[in-house]
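One-letter residues, chain by chain:
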Amino acid sequence: MSVSAKTNDQLAELRRRVAEIVDLGQAAAVLGWDQETMMPPKGAHFRATQKAALHGIIHERLVDPKVGQLLTSLENASAQKELAELDRAFLRVIRRDFDRATKLPDSLVKDLAIATTEGVESWHRARSESRWDIFAPDLRKIVELKRQEARCVGFAEHPYDALLDEYEPGATCAQLIPLFDDLRRQTVSLLERIDRSPRRPSRAPLTQTFDRAKQATFGERVLRRMGFDFEAGREDVSAHPFTTSFGPTDVRITTRYDEHDLAVAFYATIHEGGHGLYDQGIPIDLARTGLGECASLGIHESQSRLWENLIGRSIAFWRFALPELKTLFPAQVANVTPEDMFGAVNQVERSLIRVEADEITYNLHIILRFEIERRIIAGEVDVDDLPSLWNRLTKDYLGIDVPNDAMGVLQDTHWASGLFGYFPTYSLGNLYAAQLWATIRREIPDVDERISRGEFAPILAWLRDRIHRYGRRYRPGELIERATGEAPNPVYLTRYLGEKYGQIYGF
Ligand code: CO
């Protein structure tokens with residue numbers, strides 16, 4: 001294949017423009033990280049204008065007509081088979097970003113940046129005082145802007161599809177509703193079997209007093225074993241744990257501490273550590289190209305869930321980690337066994353808080369949010385009615401009463417940040433993770449023994465090879481098929497959950 005000088009120049013020009021847009025986006029991400037970890041409360045107002053200014057500039061650069069001309073011209077070259085596969089992938093993702101952005105007016109982008117920065121601030125106050133009325137006016141503005149966004153982007157069937165597609169390219173309500181209905185039925189059936197079991201694993205080993213600094217040491221040791229590079233990342237504290245990347249050599253993760261529950265900070269650390277390993281695993285030569293990002297949020301979440309649940313909540317893992325824990329907390333866990341820890345970290349309970357939910361009920365929390373979001377975006381429910389709708393669905397799906405809004409409708413930061421369409425990617429992450437794990441177990445037959453010795457390098461190498469190194473080169477379904485030899489299939493998740501919880505609860 002021969003590439004003409006003109007095509008080469010155009011590619012170089014488009015790459016230069018994209019690199020600058022990526023740089024600006026990562027600079028905006030630094031401001032967002034700071035807002036959640038370091039910024040004093042009164043910083044919110046000026047932070048809102050700063051972020052709005054940056055996002056406005058990013059949007060202007062992306063929708064520049066010159067970008068559209070370069071894309072069209074290069075797509076013609078591509079159609080003549082003049083371009084390499086990697087260049088065609090580059091054009092595909094930039095075309096996608098360009099089309100999404102050109103459909104959104106500048107004023108909408110700026111209004112969303114301001115509304116969500118103010119929303120995050122009022123959500124923090126609303127949650128700490130458990131008062132919906134503090135947050136509701138800001139949320140109303142955000143919902144109206146997201147509905148405008150859906151109309152601008154366009155959709156075939158449901159306005160929510162336009163928002164879903166941003167996080168999981170190609171996902172639609174039509175596809176997810178039957179998938180999640182099936183998952184919900186299987187989950188309810190598993191919960192009933194657990195209810196009938198006389199076995200009740202105890203969480204007692206986890207619910208003692210654990211010094212915060214020593215918890216941080218334990219988390220850091222495990223992160224290092226997993227392969228997280230502290231020369232290319234760091235961990236801090238925030239109300240809601242998250243991961244953000246300013247490039248593969250500067251990846252930030254956060255956790256939060258509870259001195260009376262070891263699992264809170266530890267599993268947040270492993271979870272975000274899994275995200276962080278993906279971001280650190282993006283090849284340097286893909287960074288700043290538009291391809292140096294995750295394939296989708298569902299794929300990103302598959303990485304965190306795989307480390308948190310499939311590895312971090314296995315008995316093999318506690319054979320490795322318990323001796324480490326005993327050196328830090330001899331008084332608390334001296335007589336605890338790996339079997340005790342395996343039960344303690346896998347106790348199933350119908351509980352209120354999504355981020356602390358077990359693997360089984362977790363998906364019910366997601367399905368509840370998926371249903372509420374669809375109805376808000378469709379305009380079928382008013383913001384004022386969300387607390388009562390939330391409480392009713394929690395009763396229906398999980399069988400429990402919500403005592404206050406802080407533990408109910410105000411528990412998550414997503415809506416304050418304008419992230420409608422994001423929650424379903426968590427359950428997709430669970431589905432993908434189980435399928436990847438089934439393949440890893442087949443290809444690394446002694447993986448349990450390796451985990452029990454704290455040898456995570458073969459697992460990380462496998463993930464680097466099959467997932468991380470491709471960045472956004474393939475669409476999510478295609479990436480899973482390449483990695484596992486099969487299109488995404490929900491059977492791996494239900495099979496894994498049935499086997500694991502059958503072992504713990506004896507059925
Ligand atoms: Co996550």
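Residues numbered from 1 in each chain as written. Predicted model: local features only at pLDDT ≥ 70, side-chain atom pairs only at ≥ 80, totals over all residues. Heavy atoms only, no water.

Undergrad: Kindly report on the layout of surface pockets, identifying the contributing residues and their values.
TA: In this model, the second largest pocket occupies a volume close to 480 Å³. A total of six residues in the lining of the second largest pocket trace back to one element, the largest contributor, which is helix 21 (residues 491-505). Among the residues making up the lining of the second largest pocket, the classes are represented as nine nonpolar, two polar and seven charged. (1 Å grid on protein atoms, 1.4 Å probe; cavity = no way out; pocket = protein on both sides within 12 Å on 5 of 7 lines; lining within 4 Å. Points joined across faces, edges and corners; volume = space filled by probe spheres on them. Helix = DSSP H or I, 4+ residues; strand = E, 2+ residues; numbered from the N terminus. Nonpolar A, V, L, I, M, F, W, Y, C, P; charged D, E, K, R; others polar.)

Undergrad: So what about the environment of K395? Which residues, and what values?
TA: By the element assignment, K395 lies in helix 16 (residues 386-398). Of the residues examined, K395 reaches a relative accessible area of 39% and is grouped as partly exposed. Between the C-alpha atoms of K395 and Y470, which are 75 residues apart in sequence, the distance is 42 Å. Apart from the residues lying within four places of it in its own chain, the contact partners of K395 are I400 and D401. (Buried < 20%, exposed > 50% of the residue type's maximum accessible area, 1.4 Å probe, protein only. Contact = heavy atoms within 4.5 Å.)

Undergrad: Go over the side chain of N346, please, and point to the residues and values.
TA: With respect to the element layout, N346 can be found in the loop between helix 14 (338-344) and helix 15 (359-377). Among the polar contacts made by the side chain of N346, one reaches the main-chain carbonyl oxygen of R313 at a distance of 3.0 Å. At 3.1 Å, the side chain of N346 and the side chain of K500 are in polar contact. Each residue touching N346, except ones within four places of it in the same chain, is listed here: R313, E359, K500, Y501, I504 and Y505. (Polar contact = N/O pair within 3.5 Å; in protein donor to acceptor, adjacent residues only side chain to side chain.)

Undergrad: Just give me the short version of the domain arrangement of the protein chain, but keep the residues and values in it.
TA: Along its sequence, the protein chain is carved into domain 1 (5-154) and domain 2 (173-505). Centre-to-centre separation of domain 1 and domain 2, based on C-alpha positions: 27 Å. In this complex, domain 1 contributes 38 residues to the contact, which on the side of domain 2 involves 43 residues. Interface area, domain 1 with domain 2, both sides summed: about 3600 Å², of which 62% is carbon and sulfur. Contact with domain 2 buries surface across domain 1, with W33, R127 and W132 losing the most and accounting together for 20% of the total. Summed over the shared surface of domain 1 and domain 2, the number is five salt bridges. For the salt bridge of R288 with D23, the shortest nitrogen-to-oxygen distance reads 2.7 Å. Taken together, domain 1 and domain 2 are joined by 13 residue pairs in polar contact (both at pLDDT 80 or more). For the side of domain 1 that touches domain 2, the secondary structure elements donating two or more residues are helix 1 (5-37), helix 4 (85-102), helix 5 (106-129) and helix 6 (132-153). Take the side of domain 1 that touches domain 2: its biggest share by element is eleven residues, from helix 1. Looking at the side of domain 1 that touches domain 2 residue by residue, the class counts come to 21 nonpolar, six polar and eleven charged. (Domains from an automatic or database assignment. Buried area = accessible area lost by both parts, 1.4 Å probe. Salt bridge = Lys/Arg side-chain N within 4 Å of Asp/Glu carboxyl O.)

Undergrad: Account for empty space enclosed by the protein, naming residues and giving values.
TA: For the structure on display, the rule yields four cavities of 30 Å³ or more. Taken as a whole, the largest cavity encloses approximately 50 Å³ of empty space. Looking at the largest cavity, the residues that line it are N309, L310, E359, N430, L493, Y496 and L497. Sorting the residues of the lining of the largest cavity by element identifies helix 11 (297-311) and helix 21 as the ones contributing at least two each. The element contributing the most residues to the lining of the largest cavity is helix 21, with three residues.

Undergrad: So what's going on with the coordination of the cobalt ion? Residues and values would help.
TA: Taken together, the protein donors to the cobalt ion comprise H271 (NE2), H275 (NE2) and E301 (OE), at separations of 2.1 to 2.2 Å. Here the donor residues of the cobalt ion share one chain and are spaced in sequence as H-x3-H-x25-E. Taken together, the residues span a long stretch of sequence, with H271 in helix 10 (residues 262-280) and E301 in helix 11 at a distance of 30 residues. Across the pair, E301 and H271 agree in class, each one buried. (Donors = N, O, S within 2.8 Å, 3.2 Å for Na, K, Ca; no water.)

Undergrad: Give a description of the packing of aromatic side chains that names residues and reports values.
TA: Inspection of every chain in the model, using the stated rule, returns 22 aromatic pairs. Judged by centre distance (4.7 Å) and plane angle (20°), the ring pair of F218 and F266 falls under stacked. Placement of F218 in helix 9 (residues 212-226) and of F266 in helix 10 is noted, with a sequence separation of 48 residues between them. In this pair, the class of F218 matches that of F266, namely buried. When the ring of F317 is compared with that of F456, the centres are 6.2 Å apart and the planes differ by 35°; the resulting orientation is tilted. In this pair, F317 sits in helix 12 (residues 315-328) while F456 sits in the loop between helix 18 (447-452) and helix 19 (457-466), placing the two residues 139 residues apart along the sequence. Judged on exposure class, the residue F317 and its partner F456 are both buried. A network of ring pairs unites the aromatic residues F218, F266, Y267, W307, F317, W318, F320 and F456 as a single cluster. Across the ring face of F423, the terminal group of R369 is positioned such that the distance to the ring centre comes to 5.3 Å. (Phe/Tyr/Trp six-rings, centres within 6.5 Å; stacked < 30°, edge-to-face > 60°. Lys NZ or Arg CZ within 6 Å of the ring centre and 35° of its normal.)

Undergrad: Kindly report on the side chain of T425, identifying the contributing residues and their values.
TA: In this structure, T425 sits in helix 17 (residues 424-443). For T425, the side chain forms a polar contact with the main-chain oxygen of Y422, separated by 2.6 Å. Those residues in contact with T425 that lie beyond four places of it in its chain are Y167, E168, L297, G298 and E301.

Undergrad: An account of the sheet that holds strand 2 (residues 243-245) is requested, with residue identities and associated values reported.
TA: Strand order across the open sheet formed by three strands is 1-3-2, with mixed pairing between neighbours. Unpaired on one side and paired on the other, strand 1 (233-237) and strand 2 mark the two borders of the sheet. Taken over all neighbouring pairs, the strand axes of this sheet differ in orientation by 20° on average, direction set aside. (Pairing = 2+ DSSP bridges. Axes fitted to C-alpha atoms, helices over the stretch in contact; angles between N-to-C directions.)

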